[in-house]
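Chains, contacts and geometry: an overview
What follows is the residue order along each chain.
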Number of protein chains: 2
Amino acid sequence: MLGPMAALPLPKDVFLDVFRSAATRELAPGEVLVSAGQPADQVFNIESGMLMLYRNGSDGRRQVLSFLFRDNFVGLSATDSYFFSVEAVTRARVAVCPRRVLNERLAGDPVAERAFLNMVFRVLEDILDIVYSLGQRTASERLAVFLLYMRHWQRLTDGIADDADPRLATIALPMGRADVADFLGLKKETVIRSLRELQDQGLVRRLDPHAVRILDLPRLRALAGISDFASPRRLG
Amino acid sequence: MLGPMAALPLPKDVFLDVFRSAATRELAPGEVLVSAGQPADQVFNIESGMLMLYRNGSDGRRQVLSFLFRDNFVGLSATDSYFFSVEAVTRARVAVCPRRVLNERLAGDPVAERAFLNMVFRVLEDILDIVYSLGQRTASERLAVFLLYMRHWQRLTDGIADDADPRLATIALPMGRADVADFLGLKKETVIRSLRELQDQGLVRRLDPHAVRILDLPRLRALAGISDFASPRRLG
DNA sequence: CGGCAATTTGATATCCATCAATCGGTGTGG
DNA sequence: CCACACCGATTGATGGATATCAAATTGCCG
């Protein structure tokens, strides 16, 4: 089953081979992998499960900056301490590598360094999409973008090549409503109501609190404003 | 006046020397430097003036992603076409360099490549602050952050070392209210009202539509939640 | 001085947040 | 097996912040 018929392989970046022989760590749901302020002496690569990267304000507010999936790299930092926190949403396994090892790898190999830079660019573009969403889109639009975002990662994680694959009809939402809310700049009640609105309009159907079935993908994409940008384009 | 007494030099990144012998281009206010979708075959470095980087949605919405100042690099892109637009706010001059030249410079010089990567990291961290603002902060908090952000760049651009320098008491706001609004995810009337609120609370005073005097820097910083993050920390 | 564009102010509408139940699963102990 | 307690999700009622629409004012440029 390999070769051209093989399902959409995850595009592994070359520099990720520093994790080849690395130790791994198992995480339970809710377990914290890195805390903001800690010395940033390790980097990670997710082997399985889902994690959540966020920032806390001093007054209890929290912004979820990203959900992280298989083969996502964790530990980007310009400084010597983390400026974000990461915790597991589901049970997860991560490969652990000393930052020093990665740095030596990048310093010694221009191809790896270029691949790393490209990854950082992709992260940057994705974040710019988030900025647009937070600044300009309404609650239901943000939720539509979010569902397509989860669908996108589910597709990559499961290595599904065909956009019409029936496995992509149901989207898993392992995180709680409050996590979604803090990702989208909303409150959990608003997330719930917006989801209900999408359902009332026939775009999706809630199967249970952690699964949604997509009923009308074209209209969902239209609502999300897919045609506009980089990352939404990838979502398509 | 050079030497240790010299005011806070702009930290020029080594890779910027590709602009040494580059051609320059003069821009009038409102003039467009790059349009989203164009082939990304040039990169720029700002020599003077202020520019604005933004994205347009197909329905007329716009998100200003960043204001750009002297020695800011313009043209980050993972792909071969720009995914944002840039236009001049004030009269401005930029140095222009073919992307190919920059790439060759980076490929041939690990030090330059590392400096470039560090710059991308700084951009990333700044954007994460913006994400937190858009997702979690109220209108007046965002405006407070914005004023400190403008103060920060004014300080760098003017090379002012002392945080208490009287020149930093008045902040220039060359852009229109609608530009500020699209940066902060608000409407221009809300920007105006939030500014009035800051004034009514004695934090600032509007001198004219394009200049604000800061009356109570500590309280402004407290409102902005300065203590929390990377970029606000730099604003202090 | 006149005219235009941007800013500011005012009145109202809308969306989202807040506060307060109720519902629904899940696990535990009887 | 059932009763209960707990926690997250959902729904409902209300409030508050921001958007929208409209008018007045200011500043700017000829």
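This structure is a prediction, so every number in the text was calculated from the model and none was measured.

**A word on the packing of helix H3 (residues 139-157) of chain A against helix H6 (residues 217-224) of chain A**
Describing two packed helices takes the angle between their axes plus the distance from one axis to the other. Residues and elements named next belong to chain A. At a minimum axis separation of 8 Å, H3 and H6 run at an interaxial angle of 120°. It follows from the interaxial angle that H3 and H6 lie oblique. Taken as a pair, H3 and H6 cross one another with a handedness that is left-handed. Counting all contacts with H3, which are made through Ser140, Glu141, Ala144, Val145, Leu147, Leu148 and Arg151, the residues of H6 involved are Leu217, Leu220, Arg221, Leu223 and Ala224. Tallied by class, the residues present in the contact of H3 with H6 amount to eight nonpolar, one polar and three charged.

**Structural notes on the protein's contact with DNA strand D**
Taken together, 16 residues lie around DNA strand D, and Arg177(A), Arg193(A), Arg196(A), Ala139(B) and Thr190(B) are the ones closest in. Interatomic distance of 2.4 Å between a side-chain N/O atom of Arg193(A) and a base nitrogen of DNA strand D. A distance of 2.7 Å separates a phosphate oxygen of DNA strand D from a polar side-chain atom of Arg196(A). Put simply, the parts of the chain that give the surface near DNA strand D at least two residues each are helix H5 (188-200) of chain A together with helix H5 (188-200) of chain B. For the surface near DNA strand D, the element with the highest residue contribution is H5(A), accounting for four residues. Of the residues contributing to the surface near DNA strand D, the split by class is four nonpolar, four polar and eight charged.

**Remarks on the interface of chain A and chain B**
Each partner contributes to the interface: chain A provides 43 residues, whereas chain B provides 43 residues. For the pairing of chain A and chain B, the buried interface totals around 4000 Å² over both sides, and the portion due to carbon and sulfur atoms is 62%. In terms of surface lost to chain B, no three residues of chain A exceed Arg55(A), Arg61(A) and Gln136(A), which account for 16% of the buried area on that side. Across the chain A-chain B interface, the total number found is six salt bridges. Inspection of the region where chain A meets chain B yields eleven residue pairs in polar contact (both at pLDDT 80 or more). Elements that contribute at least two residues to the side of chain A that touches chain B include exactly strand S4 (51-56), strand S5 (62-68), helix H1 (99-108) and helix H2 (110-136) of chain A. Of the residues contributing to the side of chain A that touches chain B, the split by class is 19 nonpolar, twelve polar and twelve charged.

About the cut-offs
- Residues numbered from 1 in each chain as written.
- Chains lettered and ligands numbered in written order.
- Predicted model: local features only at pLDDT ≥ 70, side-chain atom pairs only at ≥ 80, totals over all residues.
- Heavy atoms only, no water.
- Axes fitted to C-alpha atoms, helices over the stretch in contact; angles between N-to-C directions.
- Helix = DSSP H or I, 4+ residues; strand = E, 2+ residues; numbered from the N terminus.
- Parallel < 35°, antiparallel > 145°, perpendicular 65-115°, else oblique.
- Left-handed = near helix turned anticlockwise from the far one by under 90°.
- Contact = heavy atoms within 4.5 Å.
- Nonpolar A, V, L, I, M, F, W, Y, C, P; charged D, E, K, R; others polar.
- Near = heavy atom within 4 Å.
- Polar contact = N/O pair within 3.5 Å; in protein donor to acceptor, adjacent residues only side chain to side chain.
- Buried area = accessible area lost by both parts, 1.4 Å probe.
- Salt bridge = Lys/Arg side-chain N within 4 Å of Asp/Glu carboxyl O.

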